[in-house]
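Here is how the chains run, residue by residue.
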Amino acid sequence: MYDLQDWAAVQRVYKQTRSKRATAKILGMSRNTVRSLLEEKEAPVYKRTVYKSKIDGFKEQIIEWRCEPFLFNGTRIFRELKARGYTGSIGPVYRYLSKIEEDIKDHISSKATVRHESPPGDQAQFDWSPYNVPVDGVIITVYCFSMILSASRKKAVCFSLKADAAAIYEAIQELFEDLGGVTLELLIDNPTALVIENNPRNEMEIRYNPHALLMARHLGTELNACPCYWPRKKGKIERPFNYIEEQFIKGKHFASMEDLNRRGKDFVESWCNETHTTIKRIPNIHYLQEERDLLLPLPDRRYRLKELESRIISPDCYISIGGNKYSVPDIFAAKTMYFRIIYGFRIELYDRKKNYVMKLEASRNKHEILTNSEHYKNVAPKAPTSIPQIRREFTARYSNGLAYLEAAGKKFDQPTHYARKIMLLEELYDTDTLNRFIGYAIQHDSMDILSFKELLKAYNAGRLSLPEISEQRPEVLCKTGEYRDDDSKLLRDLDYYEQNVGGTVNA
């Protein structure tokens, strides 16, 4: 193809020479070239020859595979094209990709999404995030499970030491309970506990974990796994995790996992009373007005991944779990109880009919015995039976207790026998009343239990008024072996008394 300059030069020189041979010699062209240019009556126009390519029938498919959500590279596209009948080489594929790359980037942004607002009751989103949290003085990794109602933005959280299948299923059910009902759909991520296969590059349906499907059927909801590597699909649940870390986790210390859960739930509930920046409404009010009544009812019981384990409670009211012993209410002594451990720290106890009884927090140590005195209120003695313990408690409860033991010790062989009987009377009388009568009994030599009860009967009948508070001092032996009643001598001999008799005296 000759350009415009060649054509113009031939036309001008030929007008002067009138000879094709001479024109060809002057311009350094062949006579055939001069003849061809002279035959062109108009200036030549560039016309590109279009050659057919083997990828022409696959161009739309190449664009689709290069865009999200596929984002195939050239080698993958070439392999997929060959499977569909492409017979060319990889070169044309790369040349076409190079040509359309900028157009694709301008046409489809990697951040481009369409906002979707679910109707009330339709969808909840579920996910979790790990945090390093100081619990009981030790920094440990905990997992924050969170669920949000897509319409009202009402949220719920719980914390776990594990993120295995059992913990995930338990958290989903607990959070639905916290939200007051179940949505028609639960949008989830793709952990193996929930999803076995979710490949957007083929035409197969998503394969869910069978246990996850059973749990969903139990709740009455339907699982919807979001596309892999596409977090904006569940952006409503992704965003709160940073807020929880910044506003709740950082700078806090927690006494236990139960303390972390309790305070975490309180924090989120308070957060739900603040105006949401996107919907410009308060989630709790939105929930109460428009969403709560549209939620599905909760099932009567929770779906369990495995059956409860059983233990026989010891006669002293302990259950043995994981190398530790935990006290249980005395009514379960020598009976069979069932238990399960969830979230890696919470022990739930059930009676022989598998009705929920209570929860305990598992100890991180081994070979411990953890006792709650409230569990023994029906069988615990009202007063100690050990003589040293009787002395300690009697003098601790009553300011006249030490004087009584000293005075009764001179009269009875076992003064602690009567002291214990007096302590048992606290089922009928308060500590202050008994203390007053103890001082009165010392003064009137009515220290045996029968005489002491007669004083109380007279008081009940109105024949005896409540004695004034009288702090009785015990008689004290001085170093010479004589009794001293003088207060100054009593104080001087106080050290000797404490060394030889024991205890302390209210001087």
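In this section: the overall build of the protein. Each helix and strand counted, the protein has 19 helices and 16 strands in total. Of the contacts formed within the protein by residues at least 6 apart in sequence, a portion of 60% connects residues at least 24 apart. When the accessible area of the protein is evaluated, it comes to approximately 30100 Å², of which 49% is carbon and sulfur surface.

This next bit is on the environment of Ser399. Note that Ser399 resides in the loop between helix 13 (387-397) and helix 14 (401-409). Of the polar contacts made by the side chain of Ser399, one reaches the side chain of Asn435; its length is 2.9 Å.

All right, on to the pairing of strand 9 (residues 318-321) then. Pairing of strand 9 with strand 10 (residues 324-327) involves four bridges; the strand directions are antiparallel. Pairing of Ser320 across the sheet is with Lys325, part of strand 10. Between strand 9 and strand 10, which pair antiparallel in sequence order, lie two residues; one of them, Gly322, sits at a positive phi of approximately 60 degrees.

On to the pattern of salt bridges, then. Here the structure, examined in full by the defined rule, presents 25 salt bridges. Where Lys457 meets Glu454, a salt bridge forms, and the shortest distance between an N and an O atom there is 3.8 Å. One end of the pair, Lys457, and the other, Glu454, are both in helix 17 (residues 449-461), three residues apart, so they sit about a helical turn from each other. Take Glu454: its relative accessible area is 45%, and that puts it in the partly exposed class. One connected set of salt bridges, linked through shared partners, spans Glu174, Asp178, Glu258, Lys265, Arg346 and Lys359.

On to the sheet that holds strand 8 (residues 309-312), then. Pairing is antiparallel across the open sheet formed by four strands, whose spatial order is 8-11-12-13. Of all the strands in the sheet, the pair left with one neighbour each is strand 8 and strand 13 (356-361). If you compare each strand with its neighbour and ignore which way they point, the axes differ by 30 degrees on average. The sheet contact formed by strand 12 (residues 346-350) and strand 13 spans five bridges and is antiparallel. Within strand 13, the residue paired with Glu348 across the bridge is Lys359.

What follows deals with the nonpolar core. Residues Phe126, Met147, Phe159, Ile172, Leu186 and Ile244 are the most contacted members of the largest nonpolar core, which totals 53 residues. Not counting residues up to four positions away in its chain, the partners in contact with Ile172 are Phe126, Met147, Leu186, Leu194, Met215 and Leu219.

The subject of this paragraph is helix 4 (residues 59-66). Those residues of helix 4 not exposed but buried are Gln61, Ile62 and Trp65. What you see down the axis of helix 4 is that its buried residues fit within an arc of 100 degrees, all on one side.

Our next topic: the confidence of the model for the protein. Per-residue pLDDT for the protein averages 85, and the proportion of residues at 70 or more is 85%. Within the model, pLDDT remains below 50 along residues 108-112, and this stretch shows seven contacts once partners closer than five positions in the same chain are excluded. Counting contacts from residues 476-507, a segment whose pLDDT is below 50, to residues more than four positions away or on other chains yields 39 contacts.

Strand pairing within a sheet occurs via backbone hydrogen bonds; the two strands may be parallel or antiparallel. Read from one edge to the other, the open sheet built from three strands follows the order 9-10-14, with strand pairing classed as mixed. Each edge of the sheet is formed by a strand with only one pairing partner; in this case those strands are strand 9 and strand 14 (369-370).

Within the structure shown, the criterion is met by 21 aromatic pairs. Between Phe159 and Phe248, the aromatic rings sit 6.2 Å apart at their centres with planes inclined by 35 degrees, giving tilted as the arrangement. Of this pair, Phe159 sits in strand 3 (residues 155-160) while Phe248 sits in helix 10 (residues 240-249), placing them 89 residues apart in sequence. Of the residues examined, Phe248 reaches a relative accessible area of 3% and is grouped as buried. With a centroid separation of 5.7 Å and an interplanar angle of 75 degrees, the aromatic rings of Tyr350 and Tyr356 are classed as edge-to-face. Here the aromatic cluster, defined as three or more aromatic residues joined through ring pairs, consists of Phe159, Tyr243, Phe248, Phe254, Phe267 and Trp271. Lying across the ring of Phe72, Arg76 places its NZ or CZ 4.1 Å from the centre. The ring of Trp271 carries Lys155 above its face, with NZ or CZ at 4.4 Å from the centroid.

Moving on: the packing of helix 2 (residues 20-27) against helix 3 (residues 31-39). Across the interface, helix 2 lies against helix 3 with an axial gap of 9 Å and an inter-helix angle of 110 degrees. One finds that helix 2 runs roughly perpendicular with respect to helix 3. Judged by residue contacts, Lys20, Arg21, Thr23 and Ala24 of helix 2 engage Arg31, Val34, Arg35 and Leu38 from helix 3. A breakdown of the residues in the contact of helix 2 with helix 3 according to their chemical character gives three nonpolar, one polar and four charged.

Mapped onto the secondary structure, Ser150 falls in the loop between strand 2 (138-149) and strand 3. In this structure Ser150 touches Glu117, Ser118, Gln123, Ala124, Gln125 and Lys236, once residues within four positions along its chain are discounted.

Conventions adopted
Residues numbered from 1 in each chain as written. Predicted model: local features only at pLDDT ≥ 70, side-chain atom pairs only at ≥ 80, totals over all residues. Heavy atoms only, no water. Helix = DSSP H or I, 4+ residues; strand = E, 2+ residues; numbered from the N terminus. Contact = heavy atoms within 4.5 Å. Areas by Shrake-Rupley, 256 points an atom, 1.4 Å probe, with all protein chains shown as cover. Polar contact = N/O pair within 3.5 Å; in protein donor to acceptor, adjacent residues only side chain to side chain. Pairing = 2+ DSSP bridges. Salt bridge = Lys/Arg side-chain N within 4 Å of Asp/Glu carboxyl O. Buried < 20%, exposed > 50% of the residue type's maximum accessible area, 1.4 Å probe, protein only. Axes fitted to C-alpha atoms, helices over the stretch in contact; angles between N-to-C directions. Core = buried A, V, L, I, M, F, W, Y, C linked by side-chain atoms within 4.5 Å. Arc of directions from axis to C-beta. pLDDT = per-residue confidence, 0-100. Phe/Tyr/Trp six-rings, centres within 6.5 Å; stacked < 30°, edge-to-face > 60°. Lys NZ or Arg CZ within 6 Å of the ring centre and 35° of its normal. Parallel < 35°, antiparallel > 145°, perpendicular 65-115°, else oblique. Nonpolar A, V, L, I, M, F, W, Y, C, P; charged D, E, K, R; others polar.

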